[in-house]
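Each chain, letter by letter, is given below.
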Amino acid sequence: MNRSPKLSVLAAAAVGLLASGAAGAAKWDMPLAYPASNFHSENAAAFAACVGKSTGGKLEIATHPGGSLFKGNEIKRAVQTGQAQIGERLLSAHQNENALFGIDSQPFLATSFKDAERLWEIARPAMQKLLDSQNLVYLYSVPWPPQGLYVKKAVDSAADLKGIKFRAYNATTAKMAELTGMIPTQVEAAELTQAFSTGVVESMITSGATGNDSKIWEHVSHFYTVDAWLPRNTVMANKAAWNGLDEATRKAVTDCAAQAAKNGYEKAVAYTDMTLEGLRKGGMTVAPPSDKLKADLQEVGKVIIDEWLKGAGPEAKEVVDKFRGN
Ligand code: PCA
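Just so we're clear, the structure is a prediction, and the values are computed from it rather than from any experiment.

Rules behind the numbers
- Starting from 1, residues in each chain are numbered consecutively following that chain's sequence as written.
- Totals for whole chains, interfaces and linings use all residues, but because this is a predicted model, local features are given only for residues with pLDDT of at least 70 and pairs of side-chain atoms are given and counted only at 80 or more.
- Only hydrogens and water are set aside; all other atoms, that is, all heavy atoms of the structure, feed into the side-chain values.
- Disulfides are defined as cysteine sulfur pairs within 2.5 Å.
- Helix and strand labels come from DSSP, where a helix needs a run of H or I of at least four residues and a strand needs a run of E of at least two; each type is numbered from the N terminus.
- Think of it in three bands: with a 1.4 Å probe and only protein chains considered, a residue is buried below 20% of the maximum accessible area for its type, exposed above 50%, and partly exposed in between.
- Among buried residues, the Ala, Val, Leu, Ile, Met, Phe, Trp, Tyr and Cys ones that are joined through side-chain atoms within 4.5 Å form a nonpolar core.
- We call two residues in contact whenever any of their non-hydrogen atoms come within 4.5 Å of each other.
- A pair of strands is treated as paired once DSSP finds two or more bridges between them.
- Between N-to-C directions, angles cover 0 to 180 degrees, with each direction set by a line fitted to C-alpha atoms, over the stretch in contact for helices.
- A cutoff of 4 Å decides nearness: a residue is near a molecule or strand if any of its heavy atoms lies inside that distance of it.
- The definition of a polar contact used here is a pair of N or O atoms within 3.5 Å, where within protein one atom must be able to donate a hydrogen and the other to accept one, and adjacent residues in sequence count solely through side-chain atom pairs.
- Each residue is assigned to one of three groups, with Ala, Val, Leu, Ile, Met, Phe, Trp, Tyr, Cys and Pro labelled nonpolar, Asp, Glu, Lys and Arg labelled charged, and all others, Gly among them, labelled polar.
- Roughly parallel means an angle under 35 degrees; roughly antiparallel means over 145; roughly perpendicular covers 65 to 115; every other angle is labelled oblique.
- Each crossing is labelled by how the near helix is turned from the far one, with a counterclockwise turn of less than a right angle marking it left-handed and a clockwise turn marking it right-handed.
- Positive residues here are Lys and Arg, negative ones are Asp and Glu, while His and the chain termini are left out of the count.
- When a carboxyl oxygen of Asp or Glu is within 4 Å of a side-chain nitrogen of Lys or Arg, the pair counts as a salt bridge.

Draft legend 1. Seen up close, the state of the cysteines. A full pass over the atoms with the stated rule returns one disulfide. A sulfur-sulfur distance of 2.0 Å marks the disulfide that ties Cys-50 to Cys-256. Handedness here is read from the sign of the S-S torsion; for Cys-50 and Cys-256, about -80 degrees, the answer is left-handed. Pair noted here: Cys-50 is in helix α2 (residues 39-54) and Cys-256 is in helix α9 (residues 247-281), with a separation of 206 residues, a long-range link. Overall, the relative accessible area of 3% leaves Cys-256 in the buried class.

Structural data, given as structure tokens:
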């Protein structure tokens, strides 16, 4: 009761020391938006294990898959503000903050794994700088398999899509829906099953992996391998949390991150055919789009990318020019 202010300051300092561990051990929370069994989440768990092991427990990272700690659309802000020290996010969903975040989701710009990697390598310095300006430290990034179209019936052209309720996950998917006469609603992957079961949405553009994650064959019948783009999940840390690590720990994290980028890429490639097979096993028709459907989507895609470029800053334009070899 009579504790002098000086003593309570000392006590608080002692508590602070205990919380961060006398030997400087730290515990980080890593929110993930996708289910534990998803390859990105498995990869993140392996990354966390790698960090724990190579730092001898000096930094322990606890992953929280399925949007259990923060929902997909909350993760970036949570890491920026330090509510979580590290997290994984589909950055293209933040294109409204800066056009550069949408670079990986421009229709038919990079449609193969190789091109998606090349595009990302070109974009990376600008992306790292942008994240840094937002209090975020870039650690690694992994592509999703190519994006295709899920529908409840056979479709031969964009005209067949008119009036369909469509699940969007970023600006490009929403715009694609609008321009083909569909009605877009933003839905996080964790809420997909519910959105399809309640009829809130009936179609989407995403990977075979996400279709498998949500047993989508219970709701739709066709998957067209449009290969529209390969969006990415990016793992980033809060800058203050990062600066609080000693040099050796940072090196361990960076090394584990490089390994995770490599492993994640390989998993994404392997999951492409595996998950399409999963859709077939679920009873779905998996087929390439008709020439007409592909041409229609490419036409719409051109409108989207041209508009995006108009609103983009010089960095994004430079990346695209370099990628296109201009
Ligand atoms: N799955 C994520 C983004 C892209 C993908 O393949 C999703 O549908 O939310």
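Next comes the rest of the write-up.
Draft legend 2. Local environment of the nonpolar core. Formed by 87 residues in total, the largest nonpolar core has its most connected members in Phe-47, Tyr-140 and Leu-149. By residue number, the principal contributor to this core is helix α4 (residues 113-133), which donates nine residues. Each residue touching Phe-47, except ones within four places of it in the same chain, is listed here: Met-30, Ile-61, Ile-86, Tyr-140, Val-253, Cys-256, Ala-257 and Ala-260. Listed in part, the 14 residues of the second largest apolar core include Ala-195, Ile-216, Leu-276 and Leu-279.

Draft legend 3. Expanded view of the sheet that holds strand β4 (residues 136-143). Read from one edge to the other, the open sheet built from three strands follows the order β3-β10-β4, with strand pairing classed as antiparallel. In this open sheet, the two strands that pair with only one neighbour each are β3 (86-90) and β4. For this sheet, the mean angle separating the axes of adjacent strands, direction not counted, is 25 degrees. The pairing of β4 with strand β10 (residues 232-238) spans seven bridges and is antiparallel.

Draft legend 4. The arrangement of the site of the ligand in detail. The environment of the ligand is formed by Tyr-34, Leu-90, Trp-144, Gln-147, Arg-167, Tyr-169, Ala-189, Thr-206, Ser-207, Thr-210 and Pro-231. Arg-167 places a polar side-chain atom, nitrogen or oxygen, 2.7 Å from an oxygen atom of the ligand. Within the side chain of Thr-210, a nitrogen or oxygen atom sits 2.6 Å from a nitrogen atom of the ligand. A breakdown of the residues in the shell around the ligand according to their chemical character gives six nonpolar, four polar and one charged.

Draft legend 5. Quick peek at the packing of helix α5 (residues 171-179) against helix α10 (residues 291-311). Orientation of α5 relative to α10, taken along the N-to-C sense of each, is 125 degrees, at an axis distance of 10 Å. In terms of axis orientation, α5 runs oblique to α10. When the axes of α5 and α10 are compared, the crossing they make is right-handed. Contacts between α5 and α10 involve Thr-172, Lys-175, Met-176 and Leu-179 from the former and Leu-297, Val-300, Val-303, Ile-304 and Glu-307 from the latter. Looking at the contact of α5 with α10 residue by residue, the class counts come to six nonpolar, one polar and two charged.

Draft legend 6. Representation of the side chain of Arg-167 within the structure. Residue placement: Arg-167 occurs in strand β6 (residues 165-168). In this structure Arg-167 is buried but unpaired, with Glu-188 as the nearest side chain of opposite charge at 5.9 Å. A distance of 2.9 Å separates a polar side-chain atom of Arg-167 from the backbone oxygen of Val-187. In this structure, Arg-167 is in contact with Thr-185, Val-187, Glu-188, Ala-189, Leu-192, Val-201, Ser-203, Met-204, Ile-205 and Thr-206, ignoring residues within four places of it in sequence.

Draft legend 7. Representation of the sheet that holds strand β9 (residues 222-224) within the structure. Taking strand neighbours across the sheet as the criterion, the six strands line up as β7-β6-β8-β5-β9-β11 in an open arrangement whose pairing is mixed. With one partner strand each, in any of the chains shown, β7 (183-186) and β11 (285-287) form the two edges of the open sheet. Pairwise comparison of adjacent strand axes, ignoring direction, gives a mean angle of 25 degrees for this sheet. Across three bridges, the pairing between β9 and β11 is parallel. Considered in β11, the bridge of His-222 is made with Thr-285.

Draft legend 8. View of helix α3 (residues 72-81). Among all positions of α3, only Gly-72, Ile-75, Lys-76, Ala-78, Val-79 and Gln-80 are buried. Buried residues along α3 sit in contact with β1 (26-31), β3, β4 and β10. Note on α3: the residue one or two positions beyond its end, Gly-82, has a positive phi of about 85 degrees.

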